[in-house]
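# Geometric and topological summary
Below are the chains, spelled out letter by letter.
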Amino acid sequence: MYIYIELVNNMRQVSITIISSLFVFVCFGQPKANKDNVRVNASSINVTLLGTGTPQPVMERFGASTLVQAGSETLLFDAGRGCLQRLRQINVSYDKITGLFLTHLHSDHIVGLPDLWLTGWLVSRRLIPLNVFGPTGTEELMDHLRKAFAFDIRMRVEDDKRVENGSKFLVKEIEEGIIYEKNGVKVIAFLVDHYPVVPAFGYRIEYNGHSVVLSGDTRYSENLIKFAKGADLLIHEVAIAPDTLSKSDPQYNILMHHTTPEEAAKVFNEVQPKLAAYSHIVKIHGLLSDEDLRKRTEANYSGPFIVGEDLMSFSIGDTVSIKKWQVK
Ligand SMILES: [Zn+2]
Ligand SMILES: [Zn+2]
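Presented here is an overview of the structure given in this document. Bear in mind that the values here come from a model prediction, so they are computed numbers and not experimental data. (Residues numbered from 1 in each chain as written. Chains lettered and ligands numbered in written order. Predicted model: local features only at pLDDT ≥ 70, side-chain atom pairs only at ≥ 80, totals over all residues. Heavy atoms only, no water.)

## So, the coordination of the zinc ion (ligand 1)
Taken together, the protein ligands of the zinc ion (ligand 1) are His104 (NE2), His106 (ND1), His194 (NE2) and Asp217 (OD), with distances of 2.2 to 2.3 Å. Coordination at the zinc ion (ligand 1) is irregular: its 4 donor atoms span angles of 92 to 163° at the metal. Along the chain, the residues donating to the zinc ion (ligand 1) fall in the pattern H-x1-H-x87-H-x22-D. Between the zinc ion (ligand 1) and the zinc ion (ligand 2) the interatomic distance comes to 3.4 Å, and aspartate 217 is a ligand of both metals. Of the two residues, histidine 194 sits in strand E11 (residues 185–194) while aspartate 217 sits in the loop between strand E13 (210–214) and helix H6 (222–228), which places them 23 residues apart along the sequence. What makes histidine 194 buried here is its relative accessible area of 1%. (Donors = N, O, S within 2.8 Å, 3.2 Å for Na, K, Ca; no water. Tetrahedral: all angles 85-135°; square planar, octahedral: opposite > 155°, others 65-115°. Helix = DSSP H or I, 4+ residues; strand = E, 2+ residues; numbered from the N terminus. Buried < 20%, exposed > 50% of the residue type's maximum accessible area, 1.4 Å probe, protein only.)

Right, dumping it as structure tokens:
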């Protein structure tokens, strides 16, 4: 069951034909939208936005988290609030996560981590340790989590008879470069500029000649542009504020940690991805809309791009197609 969106008018305007109700589906690149694009292709990279939000606890946009499925690898990038509920909505079992990759240690990117770790063990009966990759400080974070949940871990082993090995994790603190290479999937970490949060990373994931780049949290970053060159899909954070926002406003500092739509457009122009998408959408004081975001980006960038939503899914093959999970 899916809804099919046909691209017209220079891939900006779309007309929607409702065929059924599982996916919304669009195709970018060399458009050849047909039924075959609906099939989940094992040679493609499939990317799902589990959470496109910020620290604000709202229902429409959960905390930062992106799922990347490539071949036999199921990789999670950040574990913001609600990532587990989103995985459940798209029927991805928690124990199937082969690696968790943290961009940085701001709480909106990691508050779902204990849930993934412990509920993944309890409910999905993960039998092996969870692989966690992240910046300096990740080992300390995980050590403290282990101590904080020591009582629960003991109870689950003694009372619920869970396999203790599944309660463990393997932590690797990363530096810029190739940090993971398995089953044809390569993950490359690169430094971005989220100062004073240092280090903060973006990730490039490659598989079968295709690639997706995730910006993490960053200001306009030349290093991101360097690592994102040639990527099929670029998922970038963004922050939007009214032009009238003054430097004395307490939220001005938030804007200064992120990328404006005009700066994001500059990045998209440099990288020229087949498709660019926004995630981690910061709206200062909540005053402006997705439409404002779209307009301010399109005023500076004419290529294919979309404002991401929770449960929007991308399939990267010869083309980049979009589906939207319609779930309850
Ligand atoms: Zn951050
Ligand atoms: Zn953030």
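## Comments concerning the coordination of the zinc ion (ligand 2)
For the zinc ion (ligand 2), the protein coordination sphere consists of Asp108 (OD), His109 (NE2), Asp217 (OD) and His280 (NE2), at 2.2 to 2.3 Å. Because the angles between the 4 donor atoms bound to the zinc ion (ligand 2) fall within 88 to 170°, the donor set is best described as irregular. Donor residues for the zinc ion (ligand 2) sit on one chain with the sequence pattern D-H-x107-D-x62-H. You can call histidine 280 buried: its relative accessible area is 7%.

## Here's the deal with unusual backbone geometry
Omega for the bond connecting tyrosine 195 with proline 196 falls within 30 degrees of zero, at 10°, which places this linkage in the cis form. Structurally, the position occupied by proline 196 is in the loop between E11 and strand E12 (197–207). The omega torsion of the bond from valine 198 to proline 199 falls at -5°, within 30 degrees of zero and hence cis. One can find proline 199 in strand E12.

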